[in-house]
Amino acid sequence: MIIKNVELETVCGVTSKLPENTLPEVAFAGKSNVGKSSLINGLMNRKSLARTSAQPGKTQTINFYNINGEMYLVDLPGYGYAKIAESEKKKWGAMIENYLHSSKQLLAVFLLIDIRHAPSENDRMMYEWMVYQGFAPIIIATKLDKIKRSQVQKNVKIIREGLKVEPGTKVFPYSAMTKQGREEIWEYMDTLVLEAAEKKNET
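What you are looking at is a predicted structure, and each value in this text was computed from that prediction instead of being measured.

Parameters at a glance
- All residue numbers refer to positions counted from 1 along the written sequence of the respective chain.
- Owing to the predicted nature of the model, reporting of local features is limited to residues with pLDDT of at least 70; listing and counting of side-chain atom pairs is limited to 80 or more, with chain, interface and lining totals taken over all residues.
- Hydrogens and waters are ignored; side-chain quantities use all the structure's heavy atoms.
- With axes taken as lines fitted to C-alpha atoms, and helix axes fitted only over the stretch in contact, angles between N-to-C directions fall between 0 and 180 degrees.
- Helix numbering and strand numbering both begin at the N terminus, where a helix is a DSSP run of H or I of at least 4 residues and a strand a DSSP run of E of at least 2.
- Angles are sorted into four bins: roughly parallel if under 35 degrees, roughly antiparallel if over 145, roughly perpendicular if 65 to 115, and oblique for all others.
- In what follows, residue pairs with any heavy atoms lying within 4.5 Å of each other are defined as contacts.
- Lys, Arg, Asp and Glu make up the charged group, whereas Ala, Val, Leu, Ile, Met, Phe, Trp, Tyr, Cys and Pro make up the nonpolar group; the residues left over, Gly among them, are polar.
- To estimate the expected span of a helix, count its residues, drop one, and scale the result by 1.5 Å.
- Only protein chains enter the accessibility calculation, which uses a 1.4 Å probe; a residue is then buried when its area is under 20% of its type maximum, exposed when over 50%, and partly exposed in between.
- Directions drawn from the helix axis to the C-beta atoms are what define this arc.
- If the strands point away from the viewer and the path from the first strand over the helix to the second runs clockwise, then the crossover is right-handed.
- In short, DSSP must find at least two bridges between two strands for them to pair.
- We define a salt bridge as a side-chain nitrogen of Lys or Arg found within 4 Å of a carboxyl oxygen belonging to Asp or Glu.

Asks: Provide a residue-level description of the packing of helix H1 (residues 36-44) against helix H5 (residues 182-202), including the pertinent values.
Replies: Two numbers describe how H1 lies on H5: the axes approach to 10 Å, and their chain directions differ by 75°. Taken together, H1 and H5 sit at an angle that is classed as roughly perpendicular. In this structure, H1 uses Leu 39, Gly 42 and Leu 43 to contact H5, whose residues at the interface are Arg 182, Ile 185, Trp 186 and Met 189. By residue class, the composition of the contact of H1 with H5 is five nonpolar, one polar and one charged.

Have a look at this one:
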């Protein structure tokens with residue numbers, strides 16, 4: 001997709017009512033320091049619309065970015081940051097669950113995993129929880145520029161095995177530094193949006 005216009009359209013906190021959007025949505029989830037904001041900025045061709053922070057756990061809202069008036073990228077709160085109180089974590093969990101079940105336009109959920117490390121307990125729990133919710137998360141393996149090219153396939157395999165991903169699950173290695181992987185992710189999202197539009201036209 002050629003990005004012409006991007007707008008942070010809706011920000012939902014714990015008590016906010018979720019928007020009833022009519023455009024397709026694609027959501028992004030990941031651990032607090034996995035590079036989610038950097039990925040979303042990279043996908044949108046913007047430097048700092050999604051706020052990156054040295055302080056993990058900063059995204060405490062669900063943020064809806066309108067792309068070209070055609071679709072939304074949805075930034076879900078980061079998980080697994082130890083300094084956040086348990087009560088807050090529960091609120092965010094309920095908020096994400098509410099969104100996953102309420103959105104009528106959600107086409108896919110991308111789960112971000114740091115390619116340098118085997119998936120953490122939190123990563124595994126998030127993946128299993130999303131599968132339990134009826135989704136088949138697509139994996140984005142972030143921080144690709146931090147490892148050697150020769151390690152990529154081995155580390156992707158470790159992620160697949162660590163999460164026990166469903167057969168056929170796509171894994172997209174991505175670097176916020178070089179934008180490697182950006183085109184492949186957009187190609188996949190464009191296909192999802194196109195297929196959804198075709199289905200809509202059939203009914």
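Don't stop here, the text continues.
Asks: Account for H5, with residues named and values stated.
Replies: Taking 1.5 Å per residue, 21 residues should reach 30 Å; H5 reaches 31 Å between its end C-alpha atoms and fits that length. Among the residues making up H5, those that are buried are Arg 182, Ile 185, Trp 186, Met 189, Leu 192 and Val 193. Take H5 and look down its axis: the buried residues cluster within an arc of 120°, on one side only. Residues of H5 that are exposed and angled more than 90 degrees away from the buried face: Glu 183, Glu 187, Leu 194, Lys 199, Asn 201 and Glu 202.

Asks: Account for the pairing of strand S6 (residues 138-142), naming residues and giving values.
Replies: Among the five residues that make up S6, five are buried, leaving the element largely enclosed by the rest of the structure. Burial along S6 is two-sided: the face carrying Ile 138, Ile 140 and Thr 142 and the face carrying Ile 139 and Ala 141 are both buried. For the handedness criterion, the β-α-β arrangement of strand S5 (residues 106-114), helix H3 (residues 121-132) and S6 is classed as right-handed. Taken together, the three bridges between S6 and strand S7 (residues 171-173) define a ladder with parallel strand orientation. From the neighbouring strand, Ala 141 faces S7, where its bridge partner is Pro 173. In this fold, the crossover linking S6 to S7 by way of helix H4 (residues 152-163) has right-handed handedness.

Asks: Tell me about the side chain of Asn 155, and name the residues and values.
Replies: Tracing the backbone shows Asn 155 in helix H4. Judged by its relative accessible area of 7%, Asn 155 falls in the buried class. When sequence neighbours within four positions are dropped, the list of residues in contact with Asn 155 reads Ile 115, Arg 116 and Ile 147.

Asks: Talk me through the pattern of salt bridges; I want residue IDs and the actual numbers.
Replies: Enumeration over the complete set of coordinates arrives at seven salt bridges. Between Asp 75 and Lys 36 there is a salt bridge whose closest N-O contact spans 2.5 Å. You can see Asp 75 sitting in strand S4 (residues 71-75) and its partner Lys 36 sitting in helix H1, a full 39 residues away along the chain. What makes Lys 36 buried here is its relative accessible area of 6%. Between Glu 183 and Arg 182 there is a salt bridge; the shortest N-O distance is 3.2 Å. With a relative accessible area of 54%, Glu 183 lands in the exposed category. Residue Arg 182 is classed as buried on the basis of its relative accessible area of 8%.

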